[in-house]
Amino acid sequence: MQPSSELLKLLRERVATVVLTGAGISAESGIATFRGGTGSLWDKFRPEELASADGFLANPKLVWEWYQWRRRLINEAGPNPGHLTLAEMEKELPNFTLITQNVDNLHQRAGSKEVIELHGNIHRNKCQRCAAPFPDIDFEPEHLPQCPCGGSIRPDVVWFGEMLPEAALNLATQRSAKARLFFSIGTSAVVYPAADLPLIAKRCGAYLVEINPEETMLTPFADEVFSAPSGSALPEIWRHVRSGIHAS
Ligand code: BV8
Ligand code: ZN
C-alpha cells in the first residue's frame, strides 16, 4: 500500500494535519477492540451494561472488575509501531494534532506530548458526584471506594450518554475544521460526537485518509484508504515521507 503522490506532497509540505484514533490502533498492542471479532472487549457484555452511568449504578462491582481487568491488560501491553510513528510525526510536523477516543494512555507511553483525550483516561479516577480526582486508589472490589462527599469513585472515562469534556471536544472540533489533512485511524466511526470530526474536516476541505483493515461508515468519504493494520501502514507512509521515495 504505497501512499499517493498527493498524500506525500501534503505531508512534505507539512500542512495542518489532524489524526483521530480509535481502539484499532491499540489492537496490535494486544488490546481487544470494542466491536471487533473474537476477544472484543464487549464479547461477554454489552457496552450499555458496562460503559454507562446506569450500568455502574446497577452493578458497580462488575463495572469496576471490568475496568481493573482492562487496566491490567493495558499495563502488560505496550505501544506498537503505529503509536510510535504518530509520536515521530508530532515531533516533525509543526502543525500536528492527535485526537484519541481511546482511554488506554498508549499514545502518551509512545511519546506523544499533546493528546486530546475525548473519552478520558482509564488510569484516572473521579468521584461520580463531585468529580474530585482520585489518582492512585487501591481497593478490593468487595469494598468499593467512596469519596468523602459520599459519592462513589469511578474511572475517569466518558460513558455512553455522558457529555465529552467540553474543552477537549471544542479543541478537537476547531483543529478538525482547520485541517488540510485528516487521518482516521482504527475507528469504526460509529460513536458520536467523535465520528463527526472527520466529516467536519472533509466538509472544510481536508484531504481525508482512512487506515483500517475493514470498511467503515467513513470509507465512502475518504480520499485515500489504506486497508491495512495501522502498525504497518503508518510506519510505511512515514518511511516514504522521510526517504523522499517518489510514489508511482
Ligand atoms: C454523548 C470510553 C450526548 C469508555 C467510550 C444513536 C445515534 C447516534 C448516536 C447515538 C445514538 N444513541 C446514542 C448515541 C450517542 C452515543 C453513541 O454514539 N452511540 C453509538 C454506539 C451509536 N454517544 C455517546 O453516548 C457519547 N456521549 O453523545 O453524549 C449527550 C447529549 C446531551 C446530554 C448528555 C449526553 C459518549 C460516547 C463515549 C462512550 N465511551 N469509551 C471506555 O472505553 O470504557 S466509547 C468506545 O467506543 C471507546 O472510546 C472507543 O474508542 C469508541 C469508538 O469505538 P472505536 O474506537 O471505533 O472502536 P471499534 O471497536 O468500534 O472499532 C475498531 C476499529 O479498528 C474497527 O473498525 C476495526 O476494523 C479497526 N481495526 C482493528 N484492528 C486494526 C484496526 N484498525 C487499524 N489497525 C488495526 N490493527
Ligand atoms: Zn465526591
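Keep in mind that what you see is a predicted model, and the values were worked out from it rather than measured.

(A) Seen up close, the overall build of the protein chain. Along the protein chain, the regular secondary structure elements total nine helices and eight strands. The C-alpha radius of gyration computed for the protein chain amounts to 19 Å, which stays within 12% of the reference 18 Å derived for 248 residues, consistent with globular compactness. Sequence-distant contacts, at least 24 apart, represent 67% of the contacts inside the protein chain between residues at least 6 apart. As displayed, the protein chain has an accessible area near 11700 Å², and 54% of this comes from carbon and sulfur atoms. A distance of 4 Å separates the average location of the 24 positive side-chain charges in the protein chain from that of its 29 negative side-chain charges.

(B) Representation of the environment of F182. Assignment of secondary structure puts F182 in strand β6 (residues 181-185). Using a relative accessible area of 0% as the deciding quantity, one classes F182 as buried. Residues F182 and V18 lie 164 residues apart in sequence; the distance between their C-alpha atoms is 4.8 Å. Once you skip the residues sitting within four places of it in the chain, F182 turns out to touch V18, L20, S176, L197, P198, A201, A206, Y207, L208 and V209.

(C) Spotlight on the sheet that holds strand β3 (residues 115-117). As summarised here, the arrangement of the six strands in space is β3-β2-β1-β6-β7-β8, forming an open sheet in which the pairing is parallel. One side of each edge strand has no neighbouring strand; the edge strands of this open sheet are β3 and β8 (224-226). With direction set aside, neighbouring strand axes in the sheet form an average angle of 20°. Of the strand pairs in this sheet, strand β7 (residues 207-211) and β8 are connected by three bridges, and their pairing is parallel. Bridging from a neighbouring strand, I211 pairs with F226 of β8. Across the sheet, helix α9 (residues 230-243) lies against β6, β7 and β8, angled at about 135° from β7, the strand it touches most.

(D) Highlighting the coordination of the zinc ion (ligand 2). The zinc ion (ligand 2) binds to the protein through C127 (SG), C130 (SG), C147 (SG) and C149 (SG); the donor distances cover 2.2 to 2.3 Å. Of note is the zinc ion (ligand 2), whose four donor atoms meet at the metal with angles of 104 to 119° in an arrangement that counts as tetrahedral. Read in sequence order, the donor residues for the zinc ion (ligand 2) give the motif C-x2-C-x16-C-x1-C. With C130 in the loop between β4 (120-127) and β5 (153-157) and C149 in the loop between β4 and β5, this pair connects stretches of sequence that are 19 residues apart. Looking at C149, the relative accessible area reads 32%, which means it is partly exposed.

(E) Region of interest: the site of ligand 1. Around ligand 1 lies a shell of 34 residues, among which R35, Y67, R70, G161 and S188 are the nearest. Take E28: an N or O atom from its side chain is 2.9 Å from a nitrogen atom of ligand 1. At 3.3 Å, a backbone N or O of G186 approaches an oxygen atom of ligand 1. Protein contact buries 74% of the 1500 Å² of open area that ligand 1 shows by itself. In terms of residues, the shell around ligand 1 owes the most to one element, helix α4 (residues 60-76), which gives three residues. Residues of the shell around ligand 1, tallied by class, amount to 17 nonpolar, twelve polar and five charged.

Criteria and thresholds
Just so you know, the residues in each chain are numbered from 1, in the order the chain's sequence is written. Chains carry letters and ligands carry numbers; both start at the beginning, A for chains and 1 for ligands, and go up in the order they are written. With pLDDT at 70 or above as the cut-off, local features in this predicted model cover only qualifying residues; side-chain atom pairs require 80 or more to be listed or tallied, and sums for whole chains, interfaces and linings still use all residues. Side-chain metrics in this entry use all non-hydrogen atoms of the structure; hydrogen atoms and water are not considered. Here a strand is any run of E in DSSP of at least two residues, a helix any run of H or I of at least four, and the numbering for each starts at the N terminus. Our radius of gyration is a C-alpha quantity, and the globule rule it is checked against amounts to 2.2 Å times the number of residues to the power 0.38. Contacts are assigned to residue pairs with any non-hydrogen atoms lying within 4.5 Å of each other. Note that accessible areas follow from Shrake-Rupley with a 1.4 Å probe, and for residues the cover is restricted to the protein chains shown. Only four residue types enter the charge count: Lys and Arg as positive, Asp and Glu as negative, with His and the chain ends excluded. One atom stands in for each charge, and that atom is NZ of Lys, CZ of Arg, CG of Asp or CD of Glu. Relative accessibility decides the category of a residue: with a 1.4 Å probe and only protein chains considered, values under 20% of the type maximum give buried, values over 50% give exposed, and everything between is partly exposed. What makes two strands pair is DSSP finding at least two bridges between them. Structural elements are reduced to axes, namely lines fitted to C-alpha atoms, with helices fitted over the stretch in contact, and the angle between N-to-C directions of any two is expressed from 0 to 180 degrees. Metal donors: N, O and S atoms at distances within 2.8 Å, or within 3.2 Å for Na, K and Ca, with water omitted from the atom set so that some sites may seem incomplete. Every angle between 85 and 135 degrees makes a four-donor site tetrahedral, while opposite donors more than 155 degrees apart, with all other angles between 65 and 115, make a four-donor site square planar and a six-donor site octahedral; other sites are irregular. Here a residue is near a molecule or strand as soon as one of its heavy atoms is found within 4 Å of it. Polar contact is the term for a pair of N or O atoms within 3.5 Å; when the atoms are in protein, one must be able to donate a hydrogen and the other to accept it, and sequence-neighboring residues count only if both atoms are side-chain atoms. Under the scheme applied, nonpolar residues are Ala, Val, Leu, Ile, Met, Phe, Trp, Tyr, Cys and Pro; charged residues are Asp, Glu, Lys and Arg; polar residues are all the others, including Gly.

Keep in mind that these numbers describe shape and distance, not what the molecule does.
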